[in-house]
Structures are given as structure tokens and as C-alpha cells.
Amino acid sequence: MTSRWWVCHMRYLLHCSFLALINYLSPNYDQRIDSIPNNNHQTLTSVQSFMTRIIDRNPGENEFHQAVHEVAETIIPFIHNKPQYQKAKILERIAEPERVIIFRVPWMNDQGEVEINRGYRVQMNSAIGPYKGGLRFHPSVNLSTLKFLAFEQIFKNSLTQLPMGGGKGGSDFDPKGRSDREVMFFCQSFMTELFRHISSDNDVPAGDIGVGAREIGFLFGQYKRLKNEFTGVLTGKGASYGGSLIRPEATGYGVVYFVEQMLNQRRDSIKGKRVVISGSGNVAQYTLEKCIELGAKVVTLSDSSGYIYDEKGIDAEKFAYIMHLKNEARGRINAYADKFGCEFIPGKSPWEVPCDIALPNATQNELSVDDARLLIKNGCMCVAEGANMPCTPEAIEVFENNDILYAPGKAANAGGVAVSGLEMSQNSLRLSWSREEVDKKLQEIMFNIHSTCLRYGHKPDGRISYVQGANIGGFVRVADAMLAQGLV
Ligand code: NAP
């Protein structure tokens with residue numbers, strides 16, 4: 001561990017103590033907390049009738065209902081005595097996309113056969129900035145998934161304090177097992193429709209599941225060709241053509257910075273902790289790297305075929321192998337077990353492995369209530385979501401009721417979109433910041449998000465709910481901007 005890291009770390013500890021003091025002394029603080037009632041009957045009824053309307057208007061969209069419900073449970077009590085938000089129906093408007101674009105994506109595979117996929121872009125909310133959110137290429141993609149992701153993105157982007165609205169898009173195309181040539185043809189066809197709905201000032205997509213550096217390159221190339229413009233219309237670009245340093249690392253690093261903040265709250269740190277990670281894609285890879293750097297012992301990774309359990313811990317050399325396996329060879333995670341002689345457990349998630357910290361970094365609803373109970377039974381004290389909505393609502397309830405440090409994705413994985421926001425700034429300025437500059441800004445943003453969660457997350461019983469803190473902290477900025485802009 002470098003001395004520079006220690007200097008940064010100590011500076012941020014001081015910074016956080018200062019912010020905690022400011023929060024404590026703030027005159028708004030008690031007023032805001034007083035305004036959040038216990039889960040009384042009236043609140044429950046309001047949430048239920050709100051959700052009935054959401055479900056009626058969006059039939060069959062279960063993931064979307066789940067995401068909205070989680071937010072409504074904390075926002076409806078918060079706004080119960082704030083008539084300005086109620087009269088303007090701010091929450092109802094936030095839950096209705098500003099625009100949804102659905103389109104056909106025809107392309108030709110290596111056998112010369114025509115294939116047809118469906119493309120989407122959900123432009124959810126532009127109150128505080130251009131629509132911003134990733135593109136997901138996965139066979140499970142449908143409108144419900146993308147609406148849940150776009151909805152969550154509104155709050156996440158607001159928490160970063162950067163000027164970014166919420167959006168999400170993608171396709172049911174599965175890049176797995178496809179040649180580079182097929183992926184390129186698909187990306188070109190996808191962008192041939194999407195390009196007319198996006199621009200660097202109105203909607204700036206990035207990557208997500210199945211969309212990494214390769215796909216962003218093909219998408220950017222096609223946009224440039226169609227528009228004859230070199231602009232920052234996508235983030236996550238390669239460093240040689242306008243990408244920001246640290247963007248690939250940002251989501252994973254940000255998760256670990258957030259975990260460190262949560263542990264610091266309890267006068268603890270990640271050093272020496274035993275960590276279980278799911279997934280082995282972009283977020284999992286850089287979460288792993290930062291955990292190794294900060295002295296934690298990571299013992300698992302997974303993909304949709306199962307998980308590897310490396311009792312000795314994954315070190316820097318093994319990390320380099322994973323990067324090659326997943327990003328170049330595009331292989332399966334069981335190859336790691338063959339190479340390093342450890343266990344591969346097919347068809348299962350890693351939550352049965354005892355740990356101090358669990359980091360679900362693969363996909364939505366991958367951690368059930370039974371997994372949550374097992375994690376707690378085995379000594380887990382902290383769970384932070386690198387993925388979006390990986391824990392089921394019942395699992396979250398178990399974590400919060402057992403005083404586990406639990407960070408929702410909106411807060412914990414906001415580092416990726418934050419550095420995307422910084423990439424947009426660099427593109428507009430036509431210059432690039434150094435790794436150190438971007439990493440410092442990322443750390444500051446994650447610390448500020450953590451402070452926002454503390455500020456708004458106090459429960460009547462004195463405990464902190466990061467769910468409540470992230471939802472309310474994200475909501476206020478968007479809601480105030482919507483009020484200021486009138487009925488649009
Ligand atoms: P990625 O690079 O495509 O990796 C996804 C990983 O999750 C892969 O290991 C994949 O395994 C696994 N996975 C996907 N679907 C699965 C399923 N149904 N069951 C089990 N494993 C599954 O994607 P990523 O960018 O790391 O994204 C992971 C999560 O982080 C997503 O929830 C995403 O929305 C969220 N996120 C990403 C970013 C970002 O900057 N990339 C930012 C914020 C949040 P297979 O290869 O076997 O499918």
C-alpha cells in the first residue's frame with residue numbers, strides 16, 4: 001500500500017468527520033428528520049394506493065414495480081407534510097418515463113442468416129441534466145428491466161451532484177459466443193436507429209451488462225459516421241478517442257470507497273476483511289482489484305454458470321489472469337478453478353461462503369432472503385450492491401432489521417456514472433484529466449454520497465438506513481428542479 005494512499009485516506013477521514021459535524025449542526029437536519037413519520041397506517045395506505053396505480057398503468061412489469069415500491073416506501077412518508085411535492089404529483093411524474101423508444105434491430109450473422117432483435121431507449125427524466133444511463137445487451141432485456149434501471153438511475157445520478165438526468169437502454173441481443181464481426185454488425189444496426197434520439201446534449205448512453213469497451217467502440221464509430229460529428233455522445237469510450245481515465249475502474253472502485261466509508265462509521269476498515277463477490281464482469285473485476293489493494297481477502301467470483309471459491313484469496317497475479325480470461329479470451333469462470341486448483345461450484349451463487357463483506361456485482365435479484373439469512377448466520381456484517389437491485393426486497397428487510405451495514409446500488413455503484421459525468425465534462429472542455437485527478441474526484445463524490453445518505457438516512461429509532469438516505473437524498477434535488485420548471 002503506497003504512502004500516497006495513506007495520505008488520501010487520512011484526508012478523507014478528516015473530511016468525513018467534518019461533514020458528520022456539519023450534518024449534526026445543520027438547522028435543516030432535525031426539521032427533515034422530524035418530518036419522516038413512523039410507518040403508520042396512513043403511510044402504508046398511501047404507499048399501497050400509489051403502487052396500485054403504478055401496477056395498473058404498467059402491467060406485468062415486475063422489476064419496475066419492485067424498484068418503484070422501494071422508493072415509494074421512503075419517499076411517501078418523507079413528503080407527507082410537503083404539499084408542494086404532493087400537489088405537483090412529483091413522485092407520480094418521476095415514475096412515468098418522459099419518452100420510450102422501441103425499435104427493430106435487423107442484422108446478419110456469420111452464417112449469412114438474418115437475425116432480428118429489439119432495441120430500446122428509456123428517457124426517464126431530464127430535470128437536472130441530459131438523460132444518462134447505460135446500454136444493456138442481454139437476452140433477458142425487456143421494457144420492465146430497462147424502466148427499473150432508468151428509474152433507479154434518476155436517483156443515482158442526482159446523488160452524484162452532477163448534471164445528469166436518468167435513462168437506460170439496450171437490447172435482447174446476447175453478445176456471448178458471438179464473433180467480433182457479429183457484435184460489430186449488431187452494434188452498427190442498433191446505432192443506425194438510436195443515433196436520431198441521442199446527442200451529447202440530450203442523451204448520453206454508456207455501457208452496462210454485455211456492453212463493454214468493444215461494444216462502445218463500435219457504437220461510437222457508427223454514430224460518428226452517421227452524424228459526421230466527433231462529440232461525447234457516449235461515455236466509457238477508449239482513452240485514445242475521448243474516454244476518461246479511471247472510467248472502466250470507476251464503478252468497482254467506487255463500491256469499495258463506499259464500503260470503506262460505511263466501515264469507518266463503525267470505526268472499522270476493509271483491511272483484513274474476508275470478501276465474497278458475485279459476477280466477474282466490469283464491476284466485479286475492479287471491485288476485486290481495489291479490495292486487493294486495500295488489503296482485503298476476496299475468495300469468490302462468479303458468472304451465470306456458477307462460482308469459484310479460492311480459499312487462499314485472489315491476489316494481483318490471479319486478478320491479471322481473470323482480466324485476460326473475461327475481457328480477451330471471453331471464457332467462463334470455471335477456467336480459473338482449473339488454472340489455480342480451487343473449487344468451482346456449478347449453478348450456485350457464492351452467498352453460502354462465510355464472509356465479513358458481501359458484494360453482489362452480477363445482476364438483479366441475485367440475492368434472496370434465504371441467502372441474506374445465511375450470510376448473517378455466517379458472520380457477514382456489510383453488504384454493498386455493485387449491481388443494480390441485486391438484493392430482493394425481503395433480503396434488504398432482513399439486512400436492515402439485523403443492523404447489517406447495507407448499501408443500495410443507487411449509492412454504492414454510483415461511481416461509474418459519476419466518472420461518466422466527468423468524461424462528459426472533459427469532452428466538453430476538449431481536454432483530459434490525469435488518473436490521479438479523476439480518482440480523487442471519484443473518491444470525493446463517493447464520500448459526498450455517503451454523507452448524503454447519513455444526512456437523510458436517520459430512522460426514528462436512531463439507526464441509519466442507507467436505503468432511506470439514498471432515496472430521499474436523490475429525490476430532493478430532482479423534485480426541486482421539477483417544481484422550478486413547471487408542469488413539463
Ligand atoms: P458485465 O461486465 O457484463 O458482467 C456481468 C456479470 O454478471 C458477468 O459475470 C455475468 O456472467 C454475470 N451475470 C449477468 N447476468 C447474470 C445472471 N442472470 N445470473 C448470474 N450471473 C449473471 O456487466 P457489469 O458492467 O459488470 O454489470 C454488472 C452489474 O452492475 C449490473 O447490474 C449493472 O447494471 C451494474 N452496474 C454497472 C455499471 C458499469 O459501469 N458497468 C455501473 C453501475 C451498475 P455471464 O458472463 O455468465 O453472463
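Just so you know, these numbers come straight off a predicted model, no measurement behind them.

**With respect to the pairing of strand β8 (residues 306-309)**
So, point 1. Two strands pair when backbone bridges link them, and strand β7 (residues 297-303) and β8 are joined in this way by 4 bridges, in the antiparallel orientation. Each bridged residue has a counterpart across the sheet, and for Thr300 the counterpart in β8 is Tyr309.
So, point 2. Hairpin remark: β7 followed by β8, antiparallel, with 2 residues in the connecting loop.
So, point 3. Relative to strand β9 (residues 343-346), β8 runs antiparallel, the two sharing 4 bridges. Residue pairing in the sheet places Tyr307 in a bridge with Ile345 of β9.

**A word on the pairing of strand β6 (residues 274-277)**
So, point 1. Because side chains alternate across β6, one face comprises the buried residues Arg274 and Val276, and the other comprises Val275 and Ile277, equally buried.
So, point 2. When β6 meets β7, the two strands line up parallel, connected through 3 bridges. By the bridge assignment for β7, Val275 is matched with Val298.
So, point 3. What joins β6 to β7 is helix α11 (residues 282-293), and the crossover it makes is right-handed.

**Things to note about the packing of helix α14 (residues 369-377) against helix α15 (residues 393-401)**
So, point 1. It is at 7 Å that the axes of α14 and α15 come closest, and there the two elements cross at 25°. With respect to α15, the axis of α14 lies roughly parallel. Contacts from Val369, Ala372, Arg373, Leu375 and Ile376 of α14 reach α15 at Glu394, Ala395, Val398 and Phe399.
So, point 2. The residue inventory of the contact of α14 with α15, partitioned by class, reads 7 nonpolar, no polar and 2 charged.

**Focus: helix α7 (residues 143-159)**
So, point 1. The terminal C-alpha atoms of α7 lie 25 Å apart, and with 17 residues this matches the ideal 24 Å at 1.5 Å per residue to within 8%.
So, point 2. A bend of about 25° at Gln153 is the largest found in α7.
So, point 3. Of all 17 residues making up α7, 16 are buried, and the element is well covered by its neighbours.
So, point 4. Between the side-chain oxygen at the start of α7 and the backbone nitrogen of Ser144 there is a gap of 3.1 Å, and the oxygen is on Asn142.
So, point 5. After α7 finishes, the residue Gln161 shows a positive phi value of roughly 70°.

**Regarding the environment of Val114**
So, point 1. As for its position among the elements, Val114 is in strand β2 (residues 114-125).
So, point 2. Its relative accessible area of 58% is what places Val114 among the exposed residues.
So, point 3. Through-space distance from the C-alpha of Val114 to that of Cys391 is 38 Å; in sequence the pair is 277 residues apart.
So, point 4. Setting aside its immediate chain neighbours within four residues, Val114 contacts Trp107 and Met108.

**Side note on the environment of Ala67**
So, point 1. Looking at where Ala67 falls in the secondary structure, it is placed in helix α4 (residues 62-79).
So, point 2. Among the residues examined, Ala67 registers a relative accessible area of 0% and is labelled buried.
So, point 3. With 10 residues separating them along the chain, Ala67 and Pro77 place their C-alpha atoms 17 Å apart.
So, point 4. Setting aside residues no more than four positions away along its own chain, Ala67 makes contact with Phe148, Phe151, Glu152 and Met389.

**A short note on α11**
So, point 1. Taking 1.5 Å as the rise per residue, α11 with 12 residues should run 16 Å; its terminal C-alpha atoms sit 17 Å apart, in good agreement.
So, point 2. Residues Val283, Ala284, Gln285, Tyr286, Thr287, Leu288, Lys290 and Cys291 constitute the buried set of α11.
So, point 3. Those residues of α11 that are buried are in contact with α10 (247-265), β6, β7, α12 (316-327) and β10 (357-359).
So, point 4. Where α11 ends, the next residue or the one after it, Gly295, has phi of about 85°, a positive value.

**Thoughts on the sheet that holds strand β11 (residues 382-384)**
So, point 1. In space, the 7 strands of this open sheet follow the order β9-β8-β7-β6-β10-β11-β12, with mixed pairing throughout. The open sheet has two edge strands with one neighbour each: β9 and β12 (405-407). Strand after strand, the sheet turns through a mean of 15° between neighbouring axes, direction not considered.
So, point 2. With 2 bridges connecting them, β10 and β11 associate as parallel partners. Paired with Ile357 across the two strands is Cys382, which belongs to β11.

Calculation rules
- Residues numbered from 1 in each chain as written.
- Predicted model: local features only at pLDDT ≥ 70, side-chain atom pairs only at ≥ 80, totals over all residues.
- Heavy atoms only, no water.
- Pairing = 2+ DSSP bridges.
- Helix = DSSP H or I, 4+ residues; strand = E, 2+ residues; numbered from the N terminus.
- Buried < 20%, exposed > 50% of the residue type's maximum accessible area, 1.4 Å probe, protein only.
- Right-handed = clockwise from strand over helix to strand, strands pointing away.
- Axes fitted to C-alpha atoms, helices over the stretch in contact; angles between N-to-C directions.
- Parallel < 35°, antiparallel > 145°, perpendicular 65-115°, else oblique.
- Contact = heavy atoms within 4.5 Å.
- Nonpolar A, V, L, I, M, F, W, Y, C, P; charged D, E, K, R; others polar.
- Expected span 1.5 Å × (residues − 1).
- Bend = angle between axes of the 7 residues up to and from the residue.
- Polar contact = N/O pair within 3.5 Å; in protein donor to acceptor, adjacent residues only side chain to side chain.

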